Amino acid sequence: MTLLTGQASKVKNYINGAWVESSSGRQEEVFNPATGEIIAYVPISSREELDAAVRAASRAYSEWKRVAVPRRARYFFRYQQLLVQHSKELAELITLENGKSLEEALGEVQRGIECVEFAAGAPTLMMGSQLPDIATGVESGMYRYPLGVVGGIAPFNFPMMVPCWMFPLAVACGNTFVLKPSERTPLLVNRLAELFAEAGFPPGVLNVVHGAHEVVDGLLAHEEVKAVSFVGSQPVAEYVYKQGTAHGKRVQALAGAKNHSIVLKDADLDHAVKNILSAAFGSAGERCMACAVAVVQEDIADELVGRIAAAADGLKIGNGQEEGVFLGPVIRQANKDRTIDYIEAGLDEKAVLVRDGRKDAAAAGNGYFLGPTIFDHVVPGMKIWRDEIFAPLLAVVRVKDLAEAIAVTNESPFANGACIYTDSARAVREFREEIDAGMLGVNLGVPAPMAFFPFSGYKKSFYGDLHANGRDGVEFYTRKKMITARY
Ligand code: NAD
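In this numbering scheme, every chain counts its residues from 1 along its sequence in written order. Totals for whole chains, interfaces and linings use every residue, but because this is a predicted model, local features are given only for residues with pLDDT of at least 70 and side-chain atom pairs only at 80 or more, for both listing and counting.

Mind showing me how you'd approach the overall build of the protein chain here?
A run of DSSP states H or I qualifies as a helix once it reaches four residues; a run of E qualifies as a strand once it reaches two. Both are numbered from the N-terminal end. When you go through the protein chain residue by residue, the secondary structure sums to 16 helices and 23 strands. The principal-axis extents of the C-alpha atoms in the protein chain amount to approximately 75 × 65 × 40 Å. Residues with at least 20 neighbouring C-beta atoms inside 10 Å of their own are called buried, those with 12 or fewer are called exposed, and the rest are partly exposed, where every C-beta is derived from the backbone. Counting every position in the protein chain, which comprises 487 residues, the buried fraction comes to 54%. Each residue gets a C-beta atom placed from its backbone, and two residues are in contact if those atoms lie within 7 Å. Partitioning the contacts of the protein chain with sequence separation of at least 6, the portion at a separation of at least 24 is 72%.

Printed below as a string of structure tokens:
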């Protein structure tokens, strides 16, 4: 790791295969959230710099779209090898800039690699379909083509996995790409781009422009950009979807979440405690599939809450680079302050604070740490039930039965994930049929689908039609031509 204190470097843009320093004259500090130290400076690039990247991508597209699909796939085999070789280094970089534990970061790297593996299946994924005789002597066929230049806008919480939902599949389908990473975690993406170049991809196929809303607005308005993939918070997702579609682009915008986990009285409680603990407090709760609300049948609520709180006391909080650390910092001081405001709001609304993460020793240090925080007796309508807090804060809602648990879950404005812990197949079936969320888990905490399935979500958790990954991803990054022919 070369990024140590005193060596904070300027993050560069990657345009047309070259590393270029931004000339915008604007930059922001990138912090190590575990220490508060500045580790780099990220440029807030200008519209002109974005335009240069789109021009490069557009030029590269005219060649790249003609590269035979199996050849395109072969680049991804090489890329996959490089990512595997560099897994540990990539994970260390994620921990440095995001704060999550090294173990979580290694898991993220693996999920990113799986996206590249899926993209390498492009020859099969890109296939069309034919019917040899739609009428006597007349045949019809569907052929699949890329769109052109695609833009991607990523959040801070998965610096590797989320960009890997986007550019590998888009590029494997024959598009070229302009990526704007989160300004809070810009380092990992540059390493991904370096390895991309090492895998031999031609210049201009992937471009990286660092910055903020000016670059986003540029992507949303640029005539040459045909589609935009966005992942981030709900208000920005809605904005990106509305602006992008108003400019005639395809947009998939994956947004915020407030995932509920239902625990019925017949659940294996050891298992439920372990999984909820990990889903609520792992990655400091900064996961769009985190468990934010436990909806617990009242018969077992005292026992479950007591056991989760006791287990939370045993979690090691600290710098994710250290062995055995479970809970790292949140991304910025502002996120910590915002979470503390929510703790106050929970108290004002008369929820019962069972465990106060502000009191953990780590919360007094330099990093942006907050210990596991648990509120019991939360009721729908309270701020801590409704809003996405995106921090290690678990709200517990007590219910009398499954029907009430489903009703509470479905009342949430978000609909990303939902889980159930139970031994009853009938309850699982009712949950599956009645729950209004896109990704469901049964007796597990974080039901994030693998790269060959869509990353689903509804309501305020998703804006668009086609989700990221899987067949949806292929549909999103391609257009079809129908040929009808008589010979
Ligand atoms: P964010 O919305 O603050 O930022 C996401 C991206 O949008 C960044 O690249 C940022 O630069 C840009 N952006 C921010 N404000 C903007 C504005 N006003 N105009 C234009 N662009 C803007 O999100 P974040 O804090 O980086 O990430 C956390 C959020 O992402 C959480 O809400 C989380 O649930 C969500 N998320 C969702 C999924 C999912 O699959 N649904 C996955 C990961 C993260």
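Before we go on, may I ask you to explain the environment of valine 209 in this structure?
Inspection of the secondary structure puts valine 209 in the loop between strand 10 (206-208) and helix 8 (213-221). C-alpha of valine 209 to C-alpha of asparagine 13: the two residues are 196 residues apart in sequence and 5.1 Å apart in space. For valine 209, the residues in contact, after removing those within four places along its chain, are Asn13, Ser45, Glu49, Leu50, Ala53, Val178, Lys180 and Val215.

What should I look at first to understand the site of the ligand in this one?
A residue counts as near a molecule or strand when its C-beta atom, positioned from the backbone, falls within 6 Å of it. Around the ligand sit 28 residues in total, of which Pro155, His213, Gly232, Ser233 and Cys288 are the nearest. In this classification, Asp, Glu, Lys and Arg are treated as charged, Ala, Val, Leu, Ile, Met, Phe, Trp, Tyr, Cys and Pro as nonpolar, and every other residue, Gly included, as polar. Of the residues in the shell around the ligand, the class split is 16 nonpolar, nine polar and three charged.

I keep staring at the sheet that holds strand 4 (residues 27-31) and nothing clicks. Help me out?
Whether parallel or antiparallel, the strands of a sheet pair through hydrogen bonds between backbone atoms. Paired strands, in this sense, are two strands between which DSSP finds at least two bridges. Overall, mixed pairing links the three strands, which are arranged 1-5-4 in an open sheet. The sheet is open, and its two edges are formed by strand 1 (9-10) and strand 4, each paired on a single side. With two bridges joining them, strand 1 and strand 5 (residues 38-43) adopt parallel strand pairing. If you follow lysine 10 over to strand 5, its bridge partner there is tyrosine 41.

Any chance you could explain the UniProt feature "binding site: NAD(+)" (unreviewed entry) in the protein chain here in plain terms?
Taken from the UniProt record, the annotation "binding site: NAD(+)" (unreviewed entry) applies to Ala154, Phe156, Lys180, Glu183, Arg184 and Glu388. A maximum C-alpha distance of 23.4 Å is found for the annotated residues, which run over 235 residues; spatially they are spread out rather than grouped. When you line up the elements, lysine 180 lands in strand 9 (residues 176-180). Apart from residues lying up to four places away in sequence, lysine 180 is in contact with Gly152, Ile153, Val209, Gly211, Val215, Val216 and Leu219. UniProt positions are given in the numbering used here, feature names are shortened, and annotations may be inferred rather than shown by experiment.

What is the right way to look at the pairing of strand 4 in this model?
Relative to strand 5, strand 4 runs antiparallel, the two sharing five bridges. Across the sheet, the residue bridging to phenylalanine 31 is isoleucine 38, located in strand 5. The turn linking strand 4 back onto strand 5 is made up of six residues, and glycine 36 within it adopts a positive phi angle of 80°.

What is the right way to look at the sheet that holds strand 17 (residues 393-399) in this model?
As summarised here, the arrangement of the seven strands in space is 15-16-17-14-13-19-20, forming an open sheet in which the pairing is mixed. Every interior strand has two partners, whereas the edge strands, strand 15 (352-355) and strand 20 (439-442), have only one. Geometrically, the sheet is characterised by an average inter-axis angle of 20° between neighbouring strands, direction not taken into account. Pairing of strand 16 (residues 373-376) with strand 17, which is carried by three bridges, proceeds in the parallel orientation. Orientation is described by axes fitted as lines to C-alpha atoms, over the contacting stretch for helices, and by angles from 0 to 180 degrees between their N-to-C directions.

What am I meant to see in the confidence of the model for the protein chain here?
Caution applies to low-pLDDT parts of the model: their predicted coordinates are not meant to be read in detail. Looking at the protein chain as a whole, the pLDDT averages 97, with 99% of positions reaching at least 70. Per residue, pLDDT measures the predictor's confidence, with a range of 0 to 100. With pLDDT under 50 throughout, residues 1-6 is counted as low confidence; its partners more than four residues away or in other chains account for nine contacts. The ipTM value of the predicted complex is 0.99, and its pTM value is 0.97.

Help me understand helix 7 (residues 187-198), please; the structure alone is not making it clear to me.
Count 3.6 residues to each turn of an α-helix, and residues three or four apart come out pointing the same way. The length a helix should cover is 1.5 Å for every residue beyond the first. In this model, helix 7 (12 residues) spans 17 Å end to end at C-alpha, consistent with the 16 Å of a helix rising 1.5 Å per residue. Along helix 7, the residues classified as buried are Leu187, Leu188, Val189, Asn190, Leu192, Ala193 and Phe196. Taken from the residues just after helix 7, glycine 200 is the one with a positive phi, measuring 100°.

Explain the environment of glycine 128 to me, please; I cannot follow it from the model alone.
With respect to the helices, strands and loops of the structure, glycine 128 is situated in the loop between helix 5 (122-125) and strand 6 (129-135). Note: C-alpha distance between glycine 128 and lysine 480 (352 residues apart in sequence) is 8.3 Å. Residues within four places of glycine 128 in sequence aside, it is in contact with Gly141, Met142, Tyr143 and Arg144.

Would you take a moment to explain the UniProt feature "domain: Aldehyde dehydrogenase" (unreviewed entry) in the protein chain for this structure?
As recorded in UniProt, the feature "domain: Aldehyde dehydrogenase" (unreviewed entry) lies at residues 19-483. Helix makes up 41% of residues 19-483 and strand 22%, whereas the separation of the span's terminal C-alpha atoms amounts to 43 Å.

Help me out: how do you make sense of the packing of helix 4 (residues 102-119) against helix 6 (residues 161-172) in this one?
Working note: a packed helix pair is described by the angle between its axes plus the distance between those axes. In the contact formed by helix 4 and helix 6, the axes pass within 8 Å of each other and the chain directions differ by 10°. Judged by the angle between their axes, helix 4 and helix 6 are roughly parallel. Across the interface between the two elements, Glu108, Arg111, Gly112, Cys115, Val116, Phe118 and Ala119 of helix 4 pack against Met161, Cys164, Trp165, Pro168, Leu169 and Ala172 of helix 6. Per-class residue counts for the contact of helix 4 with helix 6 are 10 nonpolar, one polar and two charged. Reported orientations rely on four angle classes, namely roughly parallel under 35 degrees, roughly antiparallel over 145, roughly perpendicular from 65 to 115, and oblique for the rest.

Would you take a moment to explain helix 9 (residues 234-246) for this structure?
With 13 residues, helix 9 extends 18 Å from end C-alpha to end C-alpha; this agrees with the ideal 18 Å at 1.5 Å per step. Every buried residue belonging to helix 9 is among Gln234, Ala237, Val240, Tyr241 and Gly244, and all of these are buried. Buried residues in helix 9, looked at end-on, bunch into an arc of 125°, giving them a common side. Helix 9 presents Pro235 and Ala246 as exposed residues on the side facing more than 90 degrees away from its buried surface. The secondary structure elements touched by the buried residues of helix 9 are strand 8 (149-153), helix 8, strand 11 (225-231), strand 12 (250-254) and strand 22 (462-463). This arc is taken over the directions from the axis of the helix to the C-beta atoms.

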